[in-house]
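Okay, here's what each chain looks like letter by letter:
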Amino acid sequence: MSGQTVGHTAGLMGACLALTLALGSVPVQADTQPRGSAYQQRLASADSSPATPLALPRAKDFNGSSLGLSDCQVAQQLTPGSVLAVCRDKKADRRNDRGLRLILARSDDERPRIILRGPGGGDAYTATFTAFALPHSAGQILLVDFAAEFHYGTQVFYLPEEGKPRLAGSIDGVALDDDQEAASPTRYARVSGDPGGFNIRFDRPLVRIGRDGLPGEAQRASYRYEAAAGRWTRNKN
């Protein structure tokens, strides 16, 4: 999967409904042992440097309308001079890229400006994000969850200590909760980092939705982002 691909398609609501109906028959794989690859060795090493969840304060004075934004569902202060928000931006809407989206705005200038617009969440009408501080740096990771009646997908953003914030990739699956129902994978995510990037693992298996709208096999999976190459990969483990 390309790091720039976001798992929001026009038929996603139907896919999630199919998943909910079919989960009772989805087999869950048992955990497997590490395979000893270079990737697995690096992943194990990175797990010793967990990222820290951030409790960001509400951005009380944020005015999205001054930036052409509307329907801002959340606005939090990332730094004294920057705000993270989830809003609609009609100027950014396109046929296949519309809806609520992550916004990173600078507010410490005479003229506030948007420095990052994430991809739109399509028909989703709620969105939330979870922030993590990477170890040994001032970088952050954001997991943005979109939903309506069902979970619509998770976008992952990388905010480096230096350089431009970017979309790292997307998590193309949903987690299974205690009742074997589809749930956001973020609640089960473990984020860790190293000088080369970051890893995301999960306490629960993930289920991927196929192009036919049906759920695949539940599998243990992890994701790796290589910062220098801008490479986002999914690994079975």
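Now for a description of the structure that goes with this document. (Residues numbered from 1 in each chain as written. Predicted model: local features only at pLDDT ≥ 70, side-chain atom pairs only at ≥ 80, totals over all residues. Heavy atoms only, no water.)

## Quick look at the pattern of salt bridges
Logical step 1: Per the stated rule, a full pass over the model turns up eleven salt bridges.
Logical step 2: Put simply, Asp97 and Arg101 hold a salt bridge, and the shortest N to O gap is 3.3 Å.
Logical step 3: In this structure Asp97 comes out as partly exposed when scored by relative accessible area, which is 26%.
Logical step 4: For Arg204, the salt bridge identified is with Asp178, shortest N-O distance 2.5 Å. Placement of Arg204 in the loop between β13 (197-202) and β14 (206-207) and of Asp178 in the loop between β10 (174-176) and β11 (182-183) is noted, with a sequence separation of 26 residues between them.
Logical step 5: For Arg204, a relative accessible area of 22% translates into the label partly exposed.
Logical step 6: Assessed through its relative accessible area of 63%, Asp178 is described here as exposed. (Salt bridge = Lys/Arg side-chain N within 4 Å of Asp/Glu carboxyl O. Buried < 20%, exposed > 50% of the residue type's maximum accessible area, 1.4 Å probe, protein only. Helix = DSSP H or I, 4+ residues; strand = E, 2+ residues; numbered from the N terminus.)

## Comments concerning the sheet that holds strand β1 (residues 52-53)
Logical step 1: Pairing within the open sheet is antiparallel, and its five strands lie in the order β1-β6-β7-β8-β9. A single partner strand is all that each edge strand has here, and the edge strands are β1 and β9 (166-171).
Logical step 2: Where strand β8 (residues 151-159) lies against β9, five bridges are found, and the strand directions are antiparallel. Note on β9: the bridge partner recorded for Thr154 is Ile171. (Pairing = 2+ DSSP bridges.)

## With respect to the sheet that holds β10
Logical step 1: In space, the three strands of this open sheet follow the order β11-β10-β14, with antiparallel pairing throughout. Pairing within the sheet leaves two strands with one partner each, and these edge strands are β11 and β14.
Logical step 2: Here β10 pairs with β11 via two bridges, running antiparallel. Along β11, the bridge assignment pairs Leu176 with Ala182.

## So, unusual backbone geometry
Logical step 1: For Asp71, which is not a glycine, the phi torsion comes out positive at approximately 50 degrees.
Logical step 2: Considering the arrangement of structural elements, one finds Asp71 in strand β2 (residues 69-79).
Logical step 3: Owing to a relative accessible area of 42%, Asp71 belongs among the partly exposed residues under this scheme.
Logical step 4: Notably, His136 is not glycine yet its phi reads approximately 65 degrees, a positive angle.
Logical step 5: Look at His136 and you get exposed, because its relative accessible area is 72%.

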